[in-house]
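Single-letter residue listing:
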Amino acid sequence: MYTNVAVRSVTLLLTCTLLSDAADWCYNRSSSDTCDDWGDHYPKCKGKSQSPINIDTHSTKVNRSLDNFMFEGYDEILSDVQMVNNGHTVQVLLNGKNLSVNGGGLDGEYIADQFHLHWGNRTAPGSEHQLNHAQLPMELHIVHHKASYGDLNDSLSKPDGLAVLGFWIDVGKQNTNFDQIVDKLHTIPNKEERANISNFKMADLLPSNCELQNYYRYHGSLTTPTCNEVVIWTMFETKIHLSQQQINTFSTAVMAEGDINLINIFRSVQPLNSRTVQHSQAQSLLLKKTIALLSYTHTHTHARTHARTHARTSYANKRTSL
Ligand SMILES: [Zn+2]
């Protein structure tokens, strides 16, 4: 995930920190390069709670306090939203648009700052988090900071300062809700170029609300230097789908500094160490409730049908007998 370019004035320090050592990020790497030397320049990157990680779904633990998210402003039509090529990714700026999340096991409100994407290249996937050791084609991160801490910059020093909602992106049919974003990639091939996107809702870019009940949760870090361990990570089970052509456009239309295609923009997975990945209870509970409801409905419908049939029969018999 990236934290730069949220509010220019507020995050200037962070932006400078993140952009000044771009060469050390080791993006545009070859597949054999693990790029694990960030810690030499940024001590926090050597921490024990780093991101991204592989999520082994068989080792997750259900946490009953991981309830449903409440999304504020996600269903509002947004206009004049800036999308910027910052040389490391394409980022859509949401600050000032009054989008926030509550619930989802979070302690309080988190305000949305931006979302951005991670991708690979035309032939290799580029998600940051892995799912049972598989990398998905892309990953979308919506970065929020905790409202009570002030702004994004202030939140970077608090263990629960940021909440990032992450979505794996897989290959599927053309997703017309992403058309505007994908089409405008061609207008911002160079670093620092910006485009305006309008008339879209955040909710339209995501799976439907009821599909957002199932998610994974763990505590981790920024996935770019300076690797602060301040992120409450959520990875949703339901994936977003884009067509292969849409996915390819990211790695072919957008360039890093110096006319080099921006490809393979992801950090390698980091050790889980002593952390446990938690899972929301919605899936198991919903399944149990559905089974219980089906069982109840079947039993009672059968009983009522039987009773009604019996009553009609009795009434009919009476009429007949009259
Ligand atoms: Zn990211």
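Residues numbered from 1 in each chain as written. Predicted model: local features only at pLDDT ≥ 70, side-chain atom pairs only at ≥ 80, totals over all residues.

- An unreviewed UniProt entry annotates the protein chain as carbonic anhydrase of Eptatretus stoutii.
- What UniProt states about the protein chain under its Sequence similarities (unreviewed entry) heading is, verbatim, "Belongs to the alpha-carbonic anhydrase family."
- In its Catalytic activity (unreviewed entry) section, the UniProt entry covering the protein chain states "hydrogencarbonate + H(+) = CO2 + H2O". (UniProt positions renumbered as here; feature names shortened; annotations may be inferred.)

### Overview of the overall build of the protein chain
Okay, step 1: Along the protein chain, the regular secondary structure elements total 7 helices and 15 strands.
Okay, step 2: Excluding contacts between residues fewer than 6 apart, the proportion of contacts in the protein chain whose partners are at least 24 apart in sequence is 75%. (Helix = DSSP H or I, 4+ residues; strand = E, 2+ residues; numbered from the N terminus. Contact = placed C-beta atoms within 7 Å.)

### Some points on the nonpolar core
Okay, step 1: One finds Ala163, Val164 and Ile169 to be the most contacted residues of the largest nonpolar core, which totals 67 residues.
Okay, step 2: Once residues lying within four places of it in the same chain are set aside, the contact partners of Ala163 are Val101, Leu106, Tyr110, His144, Ile232 and Thr234. (Core = buried A, V, L, I, M, F, W, Y, C linked by C-beta atoms within 7 Å. Buried ≥ 20, exposed ≤ 12 C-beta atoms within 10 Å, placed from the backbone.)

### Some thoughts on the sheet that holds strand E1 (residues 54-55)
Okay, step 1: What the 3 strands build is an open sheet, ordered E1-E8-E9; its pairing is mixed. The open sheet has two free edges, formed respectively by E1 and strand E9 (134-135), since each of these has just one partner strand.
Okay, step 2: Taken together, the 2 bridges between E1 and strand E8 (residues 130-131) define a ladder with parallel strand orientation. In the strand pairing of E8, Ile55 is matched with Leu131. (Pairing = 2+ DSSP bridges.)

### Looking at unusual backbone geometry
Okay, step 1: Residue Ser51 is joined to Pro52 through a cis peptide bond whose omega torsion reads 0 degrees.
Okay, step 2: Inspection of the secondary structure puts Pro52 in the loop between helix H2 (38-41) and E1.
Okay, step 3: For Asn98, which is not glycine, the phi torsion reads 60 degrees and is therefore positive.

### A closer look at the pairing of strand E10 (residues 138-146)
Okay, step 1: Of all 9 residues in E10, 9 are buried; the element is thus mostly enclosed.
Okay, step 2: Burial along E10 is two-sided: Met138, Leu140, Ile142, His144 and Lys146 facing one way and Glu139, His141, Val143 and His145 facing the other are all buried.
Okay, step 3: Both strand E7 (residues 110-119) and E10 contribute to a ladder of 9 bridges, which runs antiparallel. Counterpart to Gln114 in the pairing with E10 is Val143.
Okay, step 4: With 8 bridges connecting them, E10 and strand E11 (residues 162-171) associate as antiparallel partners. Along E11, the bridge assignment pairs Ile142 with Leu165.

### A look at the confidence of the model for the protein chain
Okay, step 1: In this model, the protein chain carries an average pLDDT of 84, and 76% of its residues clear a pLDDT of 70 or more.
Okay, step 2: Within the model, pLDDT remains below 50 along residues 4-24, and this stretch shows 39 contacts once partners closer than five positions in the same chain are excluded.
Okay, step 3: In this model, residues 305-322 is a region of pLDDT below 50 whose contacts with residues beyond four sequence positions or in other chains number 0 contacts. (pLDDT = per-residue confidence, 0-100.)

### Points about helix H6 (residues 244-253)
Okay, step 1: Looking at H6, one finds that the buried residues are Gln246, Ile247, Phe250 and Ser251. Projected onto a plane normal to the axis of H6, the buried residues spread over an arc of 140 degrees and lie on a single side. Exposed positions of H6 whose direction lies more than 90 degrees from the buried face are Gln244 and Gln245.
Okay, step 2: Each element contacted by the buried residues of H6 is listed here: E7, E10, E11, helix H4 (179-184) and strand E14 (231-242). (Arc of directions from axis to C-beta.)

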